[in-house]
Amino acid sequence: MAFECDYIWMNGEFVPFAEAKVHFLTSSLHYGTSLFEGIRSYSTPEGPAVFRLKDHINRLIKSAHILGIQDLPYSFEEMYEAALEITRKNNMEECYIRPLIYISVGGWNLSVEGVTINMGIACWKWNNYLGEAALINGVRANVSSFARHHANIMMTKGKVAGNYVNSVLAKTESMRLGFDEAIMLDSQGNVSECTGENLFTVRNGVIYTPPRNSVLEGITRESIICLAKDLGYEVVEETITRDQLYISDEVFVSGTAAEVIALSQIDFRQIGTGKTGPVCASLQAAYSDAIHGRNSKYEHWLDYIYQKEENSLAS
Ligand code: PPE
């Protein structure tokens, strides 16, 4: 996995990869006060397209708002264009796009008051986030000993860098124990989400997912709910307990990086057949069709990289 591209967009300039540096005394580096997004572009019959770019840019702006940052140096339109431009500049078709907003000046008194904000956007190839065989075989997960953030501690709706220490603790523990991913419970002890994915269960053909309270409002989660309803599934947002996971017919996770992946085992208990189940498989197929522009119903989720004039910021 090479985190490489020719250029990184930094404050409106295309900076060669090796020169894209930030200063040691950048307060966001010390306090985790940067904000980011994870976005993907895919090839489609009409050329490469970014999936739900407008929703990702909107969430980035909302993350800054949640942190209390009052003035961003770039507008929605500028960030949207920059994300498309850096992908073009690097000649990438299928890639992961990572915008990051950080405090470049100020922020040393543990406040975002009066800070100067910088922004960068990188892109790189990032396939098979949870491993190559995961699509069919699923991955093995444990319930983490680390709880997900309480909503009044870390503001789970913001993709703030510091929030991810919680994910890093859980994922590192999980991998060292021999699992592939960690499921995190919220501070009440109910199922929340995974370290970088939202979670769904299936029981008797009905799809369940935890309510939005303690989770990141995943754009893939919302896409999956929409696709599932369009396929005729009932989708219920309700509290899920740890033992409800164990007795589910299927459990699967969704995220931009991971896409849609089944959990084959949780805490050494096989889930369903121990492979990707039929509901998850149908959603994997529907998601794949949507991101690759094979279903015109979801065309509005795509922003074409090389036919910018056809993209509509108004939609
Ligand atoms: N929960 C968390 C905690 C999370 O980080 C993500 C995305 C999601 C849910 C799913 O959100 P969405 O991508 O909008 O469907 N995790 C990103 C970062 C992964 C990483 O390793 O970094 C991602 O998938 O891009």
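Residues numbered from 1 in each chain as written. Predicted model: local features only at pLDDT ≥ 70, side-chain atom pairs only at ≥ 80, totals over all residues. Heavy atoms only, no water.

Structural notes on the side chain of Thr 26
Topologically, Thr 26 is positioned in the loop between strand S2 (13-16) and helix H1 (27-31). Once you skip the residues sitting within four places of it in the chain, Thr 26 turns out to touch Tyr 102, Ile 103 and Trp 108. (Helix = DSSP H or I, 4+ residues; strand = E, 2+ residues; numbered from the N terminus. Contact = heavy atoms within 4.5 Å.)

A few points about the pattern of salt bridges
The full count for this structure, using the stated rule, is 11 salt bridges. The salt bridge partner of Glu 222 is Arg 52, with a shortest N-O separation of 2.6 Å. With Glu 222 in helix H7 (residues 219-230) and Arg 52 in the loop between strand S5 (49-51) and helix H2 (53-67), the pair connects residues that are 170 residues apart, well separated along the chain. (Salt bridge = Lys/Arg side-chain N within 4 Å of Asp/Glu carboxyl O.)

Digging into the pairing of strand S9 (residues 181-185)
By the criterion of burial, S9 is predominantly enclosed, with 5 of the 5 residues buried. Because side chains alternate across S9, one face comprises the buried residues Glu 181, Ile 183 and Leu 185, and the other comprises Ala 182 and Met 184, equally buried. Across 3 bridges, strand S8 (residues 139-143) lies against S9 in parallel orientation. Among the inter-strand pairings, Val 143 is bridged to a residue of S9, identified as Ile 183. In this structure, S9 lies alongside strand S10 (residues 191-194), joined through 3 bridges in antiparallel fashion. Its bridge partner being in S10, Met 184 is matched across the sheet by Glu 193. (Buried < 20%, exposed > 50% of the residue type's maximum accessible area, 1.4 Å probe, protein only. Pairing = 2+ DSSP bridges.)

Digging into the side chain of Arg 40
Relative to the helices and strands, Arg 40 resides in strand S4 (residues 39-42). On the basis of relative accessibility, which here comes to 5%, the residue Arg 40 falls in the buried class. At 2.7 Å, the side chain of Arg 40 forms a polar contact with the backbone oxygen of Ala 257. (Polar contact = N/O pair within 3.5 Å; in protein donor to acceptor, adjacent residues only side chain to side chain.)

With respect to the packing of H2 against helix H3 (residues 76-89)
The N-to-C vectors of H2 and H3 enclose an angle of 125°; their axes lie 10 Å apart at closest approach. Looking at the two axes, H2 sits oblique to H3. Regarding H2 and H3, the two cross each other, and that crossing is right-handed. For the pair H2 and H3, contact is made by Leu 53, Lys 54, Ile 57, Asn 58, Leu 60 and Ile 61 and by Phe 76, Met 79, Tyr 80, Ala 83 and Leu 84, respectively. (Axes fitted to C-alpha atoms, helices over the stretch in contact; angles between N-to-C directions. Parallel < 35°, antiparallel > 145°, perpendicular 65-115°, else oblique. Left-handed = near helix turned anticlockwise from the far one by under 90°.)

Notes on the site of the ligand
For the ligand, the set of nearby residues contains 22 residues, the closest of which are Tyr 96, Tyr 129, Tyr 164, Thr 220 and Thr 256. Contact distances for the ligand include 3.2 Å between a nitrogen atom and a backbone N or O atom of Gly 196. At 2.8 Å, a backbone N or O of Ala 257 approaches an oxygen atom of the ligand. The fraction of the free accessible surface of the ligand (550 Å²) that becomes covered by protein chains is 94%. Broken down by secondary-structure element, the contributors of at least two residues to the shell around the ligand are strand S6 (95-105), H7 and strand S14 (250-255). Partitioned by chemical class, the residues of the shell around the ligand number 7 nonpolar, 9 polar and 6 charged. (Near = heavy atom within 4 Å. Areas by Shrake-Rupley, 256 points an atom, 1.4 Å probe, with all protein chains shown as cover. Nonpolar A, V, L, I, M, F, W, Y, C, P; charged D, E, K, R; others polar.)

Considerations on the domain arrangement of the protein
Split by domain assignment, the protein resolves into domain 1 (7-124) and domain 2 (134-297). Computed from C-alpha atoms alone, the centre-to-centre distance between domain 1 and domain 2 is 25 Å. Each partner contributes residues to the interface: domain 1 has 22 residues there, and domain 2 has 21 residues. Across the interface of domain 1 and domain 2, roughly 1900 Å² is buried in total on both sides, 62% from carbon and sulfur atoms. Scanning the region where domain 1 abuts domain 2 turns up 2 salt bridges. Joining domain 1 to domain 2, the criterion identifies 12 residue pairs in polar contact (both at pLDDT 80 or more). When contributions to the side of domain 1 that touches domain 2 are tallied by element, the ones reaching two or more residues are strand S3 (35-36), S4 and H2. Element by element, the count of residues in the side of domain 1 that touches domain 2 is highest for H2, at 6 residues. (Domains from an automatic or database assignment. Buried area = accessible area lost by both parts, 1.4 Å probe.)

Structural notes on the environment of Tyr 164
Looking at the secondary structure, you find Tyr 164 in helix H6 (residues 164-176). In this structure, the C-alpha to C-alpha distance between Tyr 164 and Gly 120, residues 44 residues apart in sequence, is 19 Å. Polar contacts involving the side chain of Tyr 164 include one to the side chain of Lys 159, which spans 2.8 Å.

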